[in-house]
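Here's the letter readout for the chains.
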Amino acid sequence: MEDGEPAGFGLKAGLEAILLVVDEPAGEDHLASVLERPRAEVAAALRELSAEYTAQRRGFDLRLVAGGWRFYTRAECAPAVDRFVLDGRQARLTQAALETLAVVAYRQPVSRSRVSAVRGVNCDGVMRTLVQRGLVEEAGSEPETGAILYRTTNYFLERMGLRGLDELPELAPFLPEVDDVEAESLEGTMIAEAVAAAAVQAADGSGEAGRAAPDR
């Protein structure tokens with residue numbers, strides 16, 4: 001145990017435990033505050049962990065991205081991960097994946113937390129799947145919170161049979177501002193249903209979206 005650490009874990013162990021559950025890159029200031037350690041000490045520990053993972057040839061990497069730290073798949077392991085995630089990519093989209101994709105399409109650029117608020121459930125796993133399928137991609141970060149923003153890709157338009165996002169079915173009458181929606185609320189559920197219905201309408205028109213990718 002490192003000097004000054006609570007019994008049961010050290011600084012590096014604490015950092016690993018936190019970074020395993022973050023949804024967005026975690027900043028050094030925030031990590032230092034949570035662990036009640038000096039920022040310089042936390043920053044040094046993060047860099048040491050990153051170097052250790054590389055030296056040990058771990059399958060994951062700890063990177064400083066968008067002002068924060070987060071675990072990523074190591075580049076050398078990407079082909080194996082792609083084969084695992086993309087297995088059965090010709091399967092139809094599940095309802096959860098279709099709803100999530102539709103929220104991104106109508107609200108882009110949008111963060112995962114805001115998509116979750118609209119759907120009323122956590123959508124982190126579904127978002128990762130959509131990114132792996134090439135239907136959704138990162139689009140910078142939110143100035144106020146630093147959260148990663150997402151948007152649909154050209155591949156999404158191809159699969160939906162659309163020339164542009166302006167061809168998406170009109171949804172404004174059914175979708176209030178995301179800021180007004182509480183996660184896991186009845187309102188969020190109703191919005192999710194309306195979003196899914198609009199996406200289905202678009203898919204029926206092209207015959208392509210249903211084969212884009214499965215939800216995991």
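Scroll up a little and you will see the structure.
Residues numbered from 1 in each chain as written. Predicted model: local features only at pLDDT ≥ 70, side-chain atom pairs only at ≥ 80, totals over all residues. Heavy atoms only, no water.

What follows is about the environment of Asp61. On the secondary structure map, Asp61 appears in strand S1 (residues 60–65). Residue class for Asp61 comes out buried when judged on its relative accessible area of 13%. Through-space distance from the C-alpha of Asp61 to that of Tyr72 is 5.1 Å; in sequence the pair is 11 residues apart. If near-sequence neighbours (up to four positions away) are discounted, Asp61 is found in contact with Ser50, Thr54, Arg70, Phe71, Tyr72 and Arg74. Separated by 3.3 Å, the side chains of Asp61 and Arg63 make a polar contact. (Helix = DSSP H or I, 4+ residues; strand = E, 2+ residues; numbered from the N terminus. Buried < 20%, exposed > 50% of the residue type's maximum accessible area, 1.4 Å probe, protein only. Contact = heavy atoms within 4.5 Å. Polar contact = N/O pair within 3.5 Å; in protein donor to acceptor, adjacent residues only side chain to side chain.)

Our focus in this paragraph is unusual backbone geometry. The omega torsion of the bond from Gln108 to Pro109 falls at -5°, within 30 degrees of zero and hence cis. Locating Pro109 in the fold gives a position in the loop between helix H5 (95–107) and strand S3 (110–111). Positive phi outside glycine occurs at Glu36, with the angle close to 55°. Within the secondary structure, Glu36 is located in the loop between helix H2 (28–35) and helix H3 (39–55).

Side chains of a nonpolar character, in soluble globular proteins, are inclined to be buried together. Judged by nonpolar contacts, the single largest core of 23 residues is most densely connected at Leu101, Leu130, Val136 and Phe156. For this core, the elements supplying multiple residues, two or more each, are H5, helix H6 (112–119), helix H7 (124–132), strand S5 (148–152) and helix H8 (154–160). For this core, the element with the highest residue contribution is H5, accounting for 6 residues. Leave out the neighbours within four places in its chain, and Leu101 touches Leu93, Leu130, Leu135, Val136, Thr152 and Phe156. (Core = buried A, V, L, I, M, F, W, Y, C linked by side-chain atoms within 4.5 Å.)

A word on the packing of aromatic side chains. The description of an aromatic ring pair rests on the distance of the ring centres and on the angle between the ring planes. One pass over the full model with this rule turns up 3 aromatic pairs. Between Tyr53 and Phe60, the aromatic rings sit 4.9 Å apart at their centres with planes inclined by 65°, giving edge-to-face as the arrangement. Classification of Tyr53 as buried rests on a relative accessible area of 2%. A centroid spacing of 5.4 Å and a plane angle of 85° characterise the contact between Phe60 and Phe71, whose relative ring orientation is edge-to-face. Taken together, the residues span a long stretch of sequence, with Phe60 in strand S1 and Phe71 in strand S2 (residues 68–73) at a distance of 11 residues. Taking the relative accessible area as the measure of exposure, Phe60 reaches 30% and is therefore partly exposed. Within the aromatic cluster, the residues linked to one another by ring pairs are Tyr53, Phe60 and Phe71. (Phe/Tyr/Trp six-rings, centres within 6.5 Å; stacked < 30°, edge-to-face > 60°.)

Within the element layout of this structure, Ser50 appears in helix H3. Assessed through its relative accessible area of 15%, Ser50 is described here as buried. In the structure, Ser50 is positioned 14 residues away from Leu64 in sequence and 9.3 Å away in space, judged by C-alpha atoms. Among all residues touching Ser50, those that are not within four sequence positions of it are Asp61, Leu62 and Trp69.

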